[in-house]
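# Structure at a glance
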Amino acid sequence: MECKNAVIGGTGAYTLLGRGVFEFERLRPIHTPYGESQTIFMVNEEDVRFLFMSRHGEEDYDISAPYVNYQANIYALRELGVRNIIAWSGPGAINKDLKPGQYIIPDDLIDGTHGRKSSFFEGRGIGHMRQSPVFCPRLALALERSVKGLGYDYRSGGTYVCTQGPRLETPAEIKMYETLGGDIVGMVVAPECFLAKELEMCYIPLCYVSNYAEGVRMRKYKIGVPLEGLSTEDEQEQANRSLGNIPHIIMEFFKKLDEEETQCFCQYSMERHRKEGVVGQEWHDWFDKP
């Protein structure tokens, strides 16, 4: 059952599934050479058809960012014919001009992770891919048109800092990332976007600010509450409201995507290696499978 479009859901994806936001068919986890993917669902809604995967688990926040099997998830989607991925994330704001609940469509990335499997080509002499643009410009334009058309508060552009987790960042780390030009900080976009590029898939993150990063706003430590008091109740409500609106953005996005005429180079990421004869046309044969 092939489908060219997919959504990777971040925090709260399992909640949206439980609320019956979409009419969906549960397919199954896909067994890949890199392990088993998260469960994949087929969504058919208002003449829009796409695959859906909850990054952190089907029923709850079962697996945190450092332990997600990104290789298996991306491989599984490619196996099912996916070429376009929109992936949501709820990062914290480093940039003081941003505010909780605001949508961000980032255009750059700082990868602060370590030890994650960030390539399908480990131990080989391929994979030296240019990373500008980091994210698909065609998907970015369609996403901006969608968010703007729905009247939501958003910012186009910005640098996503991806940290290792699962712990949050220290105040000094946030100062460092601010100095490096970071605007928001999360834990999931890398290596997800790099793996998608290796399989010549278009990828765009949709971010909503869930809180201010450590030290951006001075907050007292609170025992037993979300993020130990890093965000206020009002900020949490704003973030949850934006999370709840993501299904509307997704539906509009896939409608706009069919109209988007901007060209991208995502489908040619491996072209140099094809011309050199290092890899063939059939993508399944590109890897030394574990």
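Structure's up top.
Residues numbered from 1 in each chain as written. Predicted model: local features only at pLDDT ≥ 70, side-chain atom pairs only at ≥ 80, totals over all residues. Heavy atoms only, no water.

## A look at the overall build of the chain
When helices and strands are counted, the chain shows seven helices and 15 strands. For 290 residues, the compact-globule estimate of 2.2 N^0.38 gives 19 Å, and the C-alpha radius of gyration of the chain, at 18 Å, lies within 12% of that figure. If one aligns the C-alpha atoms of the chain with their principal axes, the spans along those axes are about 60 × 40 × 35 Å. Counting across all 290 residues of the chain, residues that qualify as buried make up 55%. Of all intrachain contacts in the chain linking residues separated by at least 6 positions in sequence, the fraction that spans at least 24 positions is 80%. Total accessible area computed for the chain in this model is approximately 13,600 Å², and 47% of it derives from carbon and sulfur atoms. Put simply, the chain has 32 plus and 42 minus side-chain charges, and the middle of one group is 3 Å from the middle of the other. (Helix = DSSP H or I, 4+ residues; strand = E, 2+ residues; numbered from the N terminus. Rg over C-alpha atoms; globule rule 2.2 N^0.38 Å. Buried < 20%, exposed > 50% of the residue type's maximum accessible area, 1.4 Å probe, protein only. Contact = heavy atoms within 4.5 Å. Areas by Shrake-Rupley, 256 points an atom, 1.4 Å probe, with all protein chains shown as cover. Lys, Arg positive; Asp, Glu negative; His and termini not counted. Charge placed at Lys NZ, Arg CZ, Asp CG, Glu CD.)

## Here's the deal with the environment of L168
Relative to the elements of secondary structure, L168 occurs in the loop between strand 12 (159-163) and helix 4 (171-179). Given a relative accessible area of 36%, L168 falls into the partly exposed group. The spatial distance from the C-alpha of L168 to the C-alpha of Y67 is 15 Å, given a sequence separation of 101 residues. Among residues more than four places away in sequence, those in contact with L168 are M187, L227 and L230.

## What to know about the pattern of salt bridges
Oppositely charged side chains can pair when the atoms bearing their charge come close. Applying the stated criterion across every chain, the model contains 14 salt bridges. The salt bridge involving E122 is made with K117; its shortest N-O contact spans 3.0 Å. We classify E122 as exposed; its relative accessible area is 56%. Using a relative accessible area of 45% as the deciding quantity, one classes K117 as partly exposed. For R219, the salt bridge goes to E235, with nearest N and O atoms at 2.8 Å. Remark: E235 occurs in helix 6 (residues 233-257) and R219 occurs in the loop between strand 15 (211-212) and helix 6; sequence separation between them is 16 residues. Its relative accessible area of 8% is what places E235 among the buried residues. Where salt bridges share partners, they join E200, E271 and R274 into one cluster. (Salt bridge = Lys/Arg side-chain N within 4 Å of Asp/Glu carboxyl O.)

## As for the nonpolar core
F50, L51, L77, I85, W88 and L109 are the most contacted members of the largest nonpolar core, which totals 94 residues. The element contributing the most residues to this core is helix 6, with nine residues. (Core = buried A, V, L, I, M, F, W, Y, C linked by side-chain atoms within 4.5 Å.)

## Notes on the environment of G125
By secondary structure assignment, the location of G125 is in the loop between strand 10 (108-112) and helix 3 (137-149). By relative accessible area, which is 63% here, G125 ends up exposed. Residues G125 and A196, 71 residues apart in the sequence, show an inter-C-alpha distance of 19 Å.

## Quick look at the sheet that holds strand 14 (residues 202-208)
In spatial order, the strands read 2-5-6-1-7-14-9-11; together these eight strands make up an open sheet with mixed pairing. The open sheet terminates on both sides in strands that have one partner only, identified here as strand 2 (24-28) and strand 11 (154-156). On average, each strand axis in the sheet is inclined to that of its neighbour by 25°, with strand direction left out of account. On the sheet, helix 3 packs against strand 7 (84-89), strand 9 (103-105), strand 11 and strand 14 and is oriented at approximately 35° with respect to strand 14. (Pairing = 2+ DSSP bridges. Axes fitted to C-alpha atoms, helices over the stretch in contact; angles between N-to-C directions.)

## Thoughts on helix 3
The end-to-end C-alpha distance of helix 3, which contains 13 residues, comes to 18 Å, matching closely the 18 Å that a straight helix rising 1.5 Å per residue would cover. Listed as buried for helix 3 are R138, L139, A142, L143, S146 and V147. On an axial view of helix 3, the arc spanned by its buried residues comes to 160°, and they lie on one face. Packing partners of the buried residues in helix 3 comprise strand 7, strand 9, strand 11, strand 14 and helix 6. A positive backbone phi angle near 80° is found at G151, which sits one or two residues after helix 3. (Expected span 1.5 Å × (residues − 1). Arc of directions from axis to C-beta.)

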